[in-house]
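Listed below are the residues making up each chain.
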Amino acid sequence: MLKSPNSITSKLFIIGVLAVICLVPTFFVWIVLSERTNRQEEAKNEITNKWGASQIIVGPILSLPYTKTFIDPQGLRHESSGIFNVLPQRLIHDATIDPEIRSRGIFDAVVYKTKIDGHGAFTLPNFAYTNIKSTDIQWDKAYVAMGITDTRGIMQQVDLQWNGSSIVFEPGSKNPVVGPSGIHAFTPIDMSKKSFEFAYSFDVRGSEKLEFLPLGNETKVHVQSSWSSPSFTGAYLPNERDVAKDFSASWTVSSFGRSYPDQWVDSEVSAETLSDSRFGVSLIQNVDFYTKIDRTIKYAVMFIAITFMAFFLFEVLSKLKIHPFQYLLVGFALALFYLLLLSLSERFGFLPAYGISTLATIGLITSYSAKVLRASTKALVVAGLLFLLYSYLSIIVQLEDLALLYGSVLLFVLLALTMYLTRSIDWYQIDAGERKQS
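To start, this report covers the structure provided alongside it. Source: prediction; values computed, not measured.

## Digging into the overall build of the protein
Here comes step 1: Counting secondary structure elements, the protein contains nine helices and 17 strands.
Here comes step 2: Computed over the C-alpha atoms, the radius of gyration of the protein is 33 Å, more than 25% above the 22 Å expected from 2.2 N^0.38 for a compact globule of 438 residues.
Here comes step 3: Dimensions of the protein, computed from C-alpha atoms along their principal axes, come out at roughly 110 × 50 × 35 Å.
Here comes step 4: Looking at the protein as a whole, 45% of its 438 residues qualify as buried.
Here comes step 5: Sequence-distant contacts, at least 24 apart, represent 75% of the contacts inside the protein between residues at least 6 apart.
Here comes step 6: Total accessible area computed for the protein in this model is approximately 22,400 Å², and 59% of it derives from carbon and sulfur atoms.
Here comes step 7: For the protein, the distance from the average position of its 38 positive side-chain charges to the average position of its 39 negative side-chain charges is 11 Å.

Here it is in structure tokens:
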């Protein structure tokens, strides 16, 4: 024997199906959100590609070309050539980042100008533990190589101060280990000296990130900026940091904290190995409205389920009859909230858009509920419930680490309230009464 379509069980099943149907529009809003997010990334890439990419400063590395001659057992003479790489004994970088926001239409990207001052010292390499001899080195062709991710951001000529002499850097890294993009300067090596002091200063443009490599036997990096929301990235956290309206951070990294030696021959150390040790700062933007909207959409099923449950309880407790089509209209009104939120956020920002969308959705559902529930007081209860839900959701989407906790607490409280209100209902008796009436 089939249950009456008016039975409680059948009605709950129909409401469940309607809730799933009402989630379909939110899925399409998610697709639109994904498309808008992609457009935002395209706009950011367009801005950063013309301004300057995220910059990684690699080096300096003292590069010593060599030519090694040997005779095989057959008496034939062979020559091999390569680069003997020497890292600084001491390396210090000071960077001041001047950030700004560049826009493309309604989309923004964080870019910056930074002044980098570097200095330190090299010492003559120790050939005792290599198969390269000092006589194999072409000392007259020695050069200092630096890798800079996007050299288009370099804003003027860069000079290298080398033991009191000024040498102009030339385009191209020349040494593959520092990467394909960079600069180099040919440096005279006076074999009578044991160490070589160096210094340089240059301005470079970039976007979002600035990172360094701990190439010195001891590496010190100090970064400061007026940006208010930095994120420290890479293999090392700063030893000291001060994050307030402005920020400053300092790193001190020993050579024991990395996975490559102070000197090596040719490809014994790869560019990827060097890159794995990078560290620095990312100028992150506070959670943008696309991220917040994505978080709100994740709660769509909860909003629809809770609102439908409220209407269903009014049906049961007040002996009302609410048609499935009326549930459907209310569900579509809840789903439309997210499309309103997305479109308005792009024009007015998240918080104003959230307030407008919330008031519009609550107003629409409340005015409709007054007729459906046949009592303005019950409609006000629905309005109050929705106001509390949207207010609580506005808090959740602003959070990051505590969002799951707050969401779980809300669900638990609402479930407890529903169980309390329905604790004395005899569902079998109501179901039986519905079947008799039908």
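Now, onward.
## Focus on the pairing of strand β11 (residues 209-212)
Here comes step 1: Note that strand β1 (residues 55-71) and β11 share three bridges and pair parallel. Its bridge partner being in β11, I56 is matched across the sheet by E211.
Here comes step 2: Across four bridges, the pairing between β11 and strand β17 (residues 279-283) is antiparallel. Bridge pairing in β17 links F212 to F279.

## Section: the packing of helix α4 (residues 300-318) against helix α5 (residues 324-348)
Here comes step 1: Here α4 crosses α5 at 150°, and the two axes come no closer than 10 Å. In terms of orientation, α4 lies roughly antiparallel with respect to α5. When the axes of α4 and α5 are compared, the crossing they make is right-handed. Residue-level inspection shows A300, F303, I304, T307, F308, F311, F312 and E315 of α4 in contact with α5, the latter providing Y327, V330, G331, L334 and Y338.

## Considerations on a nonpolar patch on the surface
Here comes step 1: Taken together, the side chains of I395, L405, Y406, V409, F412 and V413 make up a nonpolar region of the molecular surface, amounting to roughly 570 Å² of accessible area.
Here comes step 2: Take the nonpolar patch: its biggest share by element is five residues, from helix α8 (residues 403-421).
Here comes step 3: Take V409: it is sitting in helix α8.

## Quick look at the packing of aromatic side chains
Here comes step 1: Enumeration over the complete set of coordinates arrives at 21 aromatic pairs.
Here comes step 2: Considering the side-chain rings of F127 and W139, the 6.3 Å spacing of their centres and the 85° angle between planes classify their relative orientation as edge-to-face. Remark: W139 occurs in the loop between β4 (107-123) and β5 (143-148) and F127 occurs in the loop between β4 and β5; sequence separation between them is 12 residues. Of the two residues, F127 and W139, both sit in the buried class.
Here comes step 3: Members of the aromatic cluster, connected to one another through ring pairs, are F122, W162, F196, F198, Y200 and F202.
Here comes step 4: Its end group placed over the ring of Y143, K174 keeps NZ or CZ at 5.5 Å from the ring centre.
Here comes step 5: The ring of W51 has R205 sitting right over it, with the charged end atom 4.4 Å from the ring centre.

## Overview of the pattern of salt bridges
Two side chains carrying opposite charge are able to pair once their charged atoms lie near each other.
Here comes step 1: As enumerated under the stated definition, the model contains eight salt bridges in all.
Here comes step 2: Between E346 and R36 there is a salt bridge, with the nearest N and O atoms lying 2.6 Å from each other. Taken as a pair, E346 in helix α5 and R36 in helix α1 (residues 8-51) lie far apart in primary sequence, 310 residues in all.
Here comes step 3: Among the residues examined, E346 registers a relative accessible area of 14% and is labelled buried.
Here comes step 4: Judged by relative accessible area, which is 15%, R36 ranks as buried.

## With respect to the environment of S369
Here comes step 1: Along the chain, S369 falls in helix α6 (residues 350-372).
Here comes step 2: The sequence separation of S369 and V381 amounts to 12 residues, and the corresponding C-alpha distance is 9.8 Å.
Here comes step 3: Ignoring sequence-local partners within four residues, the contact set of S369 consists of F311, R374, A379 and V382.

## So, unusual backbone geometry
With the exception of glycine, the majority of residues adopt a negative phi angle, and the majority of peptide bonds are in the trans configuration.
Here comes step 1: At the junction of G59 and P60, the peptide bond is cis and its omega measures out at 10° in the coordinates.
Here comes step 2: Its location among the elements puts P60 in strand β1.
Here comes step 3: You will see that K174, though not glycine, has its phi angle at about 70°, which is positive.
Here comes step 4: Considering the arrangement of structural elements, one finds K174 in the loop between β8 (170-171) and β9 (182-186).

## Overview of the side chain of E211
Here comes step 1: Looking at the element boundaries, E211 is found in strand β11.
Here comes step 2: In this structure E211 comes out as buried when scored by relative accessible area, which is 6%.
Here comes step 3: Leaving out residues up to four positions away in the same chain, E211 has contacts with Q55, I56, I57, T233, G234, R278, F279 and G280.

## Some thoughts on α4
The α-helix advances 3.6 residues per turn, and as a result positions three or four apart in sequence lie on the same side.
Here comes step 1: In this model α4 runs 27 Å from its N-terminal to its C-terminal C-alpha over 19 residues, within 8% of the 27 Å that 1.5 Å per residue would give.
Here comes step 2: Burial runs high along α4: 14 of the 19 residues are buried.
Here comes step 3: Residue K319 follows α4 closely and has a positive phi angle near 55°.

## What about the sheet that holds strand β7 (residues 165-168)?
Here comes step 1: Reading across from one edge, β7-β6-β10-β4-β3-β12-β15-β14 is the order of the eight strands in this open sheet, with mixed pairing throughout. Of all strands in the sheet, those bounded by a partner on one side alone are β7 and β14 (240-243). Ignoring strand direction, the axes of neighbouring strands in this sheet form an average angle of 15°.
Here comes step 2: For strand β6 (residues 159-162) and β7, the ladder comprises four bridges, and the chain directions are antiparallel. Paired with W162 across the strands is S165, a residue of β7.
Here comes step 3: Helix-sheet contacts for α1 involve β3 (90-104), β4 and β10 (195-207), and the interaxial angle to β4 is about 45°.

Definitions and limits used
Residues numbered from 1 in each chain as written. Predicted model: local features only at pLDDT ≥ 70, side-chain atom pairs only at ≥ 80, totals over all residues. Heavy atoms only, no water. Helix = DSSP H or I, 4+ residues; strand = E, 2+ residues; numbered from the N terminus. Rg over C-alpha atoms; globule rule 2.2 N^0.38 Å. Buried < 20%, exposed > 50% of the residue type's maximum accessible area, 1.4 Å probe, protein only. Contact = heavy atoms within 4.5 Å. Areas by Shrake-Rupley, 256 points an atom, 1.4 Å probe, with all protein chains shown as cover. Lys, Arg positive; Asp, Glu negative; His and termini not counted. Charge placed at Lys NZ, Arg CZ, Asp CG, Glu CD. Pairing = 2+ DSSP bridges. Axes fitted to C-alpha atoms, helices over the stretch in contact; angles between N-to-C directions. Parallel < 35°, antiparallel > 145°, perpendicular 65-115°, else oblique. Left-handed = near helix turned anticlockwise from the far one by under 90°. Patch = residues over 30% accessible without salt bridge, like charges linked within 9 Å, V, L, I, M, F, W, Y side chains within 5 Å. Salt bridge = Lys/Arg side-chain N within 4 Å of Asp/Glu carboxyl O. Phe/Tyr/Trp six-rings, centres within 6.5 Å; stacked < 30°, edge-to-face > 60°. Lys NZ or Arg CZ within 6 Å of the ring centre and 35° of its normal. Expected span 1.5 Å × (residues − 1).

Any link to function would need more than the numbers given here.
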